[in-house]
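Structural overview
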Amino acid sequence: MEKITSLAKRRGFVFPGSEIYGGLAGVYDFGPNGVELLNNLKRLWWKANVYDKESHYGLDAGMFKHPRVWDASGHTTGFSDPIVECRDTQTRLRVDKELEAIGITADEKMSTTELQKLFDEHKDTIAKRNNLSGNFTPVRAFNLLVKSNLGDFASEGGDPVYLPGEACQGIYLNYKNVVDSMSPKLPFGLVQINKAFRNEISPRNFLFRTREMEQADTQLFVKPNENKDTFTQIKQDRMDWYVSIGIKPENLRFKQHDNLIFYCAEAWDIEYNFPSLGWDELEGIHDRTDYDLTQHMEFSGVDLRYLDPETSERYIPWILETSVGLGRMFLAVLADAYHEEELEDGKTRTVLKLHPDLAPYRVAVSPLLKNKPELVEKAREVFTTLKREFGNVAWDDNGNVGKRYRRQDEIGTPHCVVIDFDTLGQEDPANADTVTVRDRDTGEQQRVAIADLVRRLK
Ligand code: GAP
């Protein structure tokens, strides 16, 4: 994890938030290469979940919502993590995670009493592994919602407008608008990538647990109780998608939840074998039953029942959800692509073997020497042609060619194109108007005619 975090910063993928002020825990910024990879992930995810599906529609809901939304969803009362505090050092620990770390089965959905009992049994071990005295406060539930002062001009603080604790509520709030405007037939999906915020007690492990995140959600609205096969299919589709973007199947697995939140009929995680952390949740796949729409119907007083055009019955659809944090997805992709290879000269080459559709740049173009105008001019011509075709093309004339290759390997550029004296016909005339194309993964170089370059790169 340390190597990946360091590469991410060194190569302009991810920076600690507000770093010049000492940082802000649990918040990260995406740099020039990071935002390209992130946008590529979003683009591929959107294609798979909107364009490649039938009756799936995109949405982009506003982040702020009426305060009652979070009462209806259960977040104001039930969205909490169990916490204890060391009275001597004020260190806060998340109880379920501490128990898990020493091999005790626990999760945040257990009652405070259950967790207190387990915590008391293992208090000494937990104190020791955290270098604490063991003088802990009792376990209490800490609400994760982040408050804002939107519209609170008198600064009274009552009835706050929260930042979204989960992005999917924006979908439930627009369910009726979509039914009224698009007349979709069940089953239909609403799809969204949007921000969520959580007052995580101990944000850690780089992008794995952050306080600000983006979630990519599909919410499939289905007929009540008729969804076992669909649920199984969705699970498999999501797993297959990770493999299709280049993640190694041996680093992915399903895990079923033993301890279901009360409204869920079934819940699974797709887990990834994260560096340092081991197997942990990448994406959640949940059968949320009719809970969300029933709650919003009750709290808003608006009829959210679906009128079945075939039977003329009215009922609340059930919701099958897939939800993944983009940061976690980004981390899994980086970790999976990260390779260190021994070179013949004894040096180590670090290379990100990213799927070409994900790499920040499709291809990098360099003149062999940057102080030879005729090479630079020809290289600029090739660069312009490739840019017109691929868009995301890097111009790299820093340092020598070896250094450029190392740099492009570390950001995962699949191919490097070099314009040399052969290109200009100044050496072997048979090589005039050809360039060197180097493959990131094998390091092999081939001469390719400029006229054929776009086709060959494609
Ligand atoms: N609407 C369902 C929901 O929010 P969740 O399991 O709490 O369910 C879904 O979150 C996904 O969001 C997780 O699988 C994970 O990828 C991501 N996620 C949740 N909390 C996160 C955090 N603090 N930092 C980064 N990603 C997080």
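Note that the structure is a prediction, hence the values are computed from the model and not measured. (Residues numbered from 1 in each chain as written. Predicted model: local features only at pLDDT ≥ 70, side-chain atom pairs only at ≥ 80, totals over all residues. Heavy atoms only, no water.)

1. Thoughts on the sheet that holds strand β13 (residues 278–287)
Note on sheets: strands pair through backbone hydrogen bonds, and any given pair is parallel or antiparallel. The seven strands are arranged β3-β9-β10-β16-β13-β12-β11 in an open sheet whose pairing can be described as mixed. Each of the sheet's edge strands pairs with one partner strand only, and the pair in question is β3 (56–59) and β11 (252–256). Averaged over neighbouring strand pairs, the angle between their axes works out to 25 degrees when direction is ignored. Pairing between β13 and strand β16 (residues 318–325): five bridges, direction antiparallel. The residue bridging Ile285 from the neighbouring strand is Thr322, located in β16. Against the sheet, helix α8 (residues 228–244) touches β10 (212–222), β11, β12 (266–274), β13 and β16, its axis set at about 145 degrees to β13. (Pairing = 2+ DSSP bridges. Helix = DSSP H or I, 4+ residues; strand = E, 2+ residues; numbered from the N terminus. Axes fitted to C-alpha atoms, helices over the stretch in contact; angles between N-to-C directions. Contact = heavy atoms within 4.5 Å.)

2. Section: the environment of Asp269
Relative to the helices and strands, Asp269 is located in strand β12. A residue is classified by how much of its surface remains accessible, and Asp269, at 8% relative accessible area, is buried. In this view, Asp269 contacts Arg253, Phe254, Lys255, His257, Glu281, Glu283 and Gly284; residues no more than four positions away in its chain are not counted. Side-chain polar atoms of Asp269 contact the side chain of His257, separated by 2.8 Å. (Buried < 20%, exposed > 50% of the residue type's maximum accessible area, 1.4 Å probe, protein only. Polar contact = N/O pair within 3.5 Å; in protein donor to acceptor, adjacent residues only side chain to side chain.)

3. With respect to the packing of aromatic side chains
Per the counting criterion, the structure on display carries 16 aromatic pairs. A ring pair is formed by Tyr175 and Phe221, whose centres lie 5.1 Å apart and whose planes are at 25 degrees; its orientation type is stacked. One end of the pair, Tyr175, is in helix α7 (residues 169–182); the other, Phe221, is in strand β10, with 46 residues separating them in the sequence. For Phe221, a relative accessible area of 0% puts it in the buried group. Of the aromatic side chains, those joined through ring pairs into one cluster are Tyr175, Phe188 and Phe221. Directly above the aromatic system of Phe254 lies the positively charged group of Lys235, at a separation of 4.9 Å from the ring centroid. (Phe/Tyr/Trp six-rings, centres within 6.5 Å; stacked < 30°, edge-to-face > 60°. Lys NZ or Arg CZ within 6 Å of the ring centre and 35° of its normal.)

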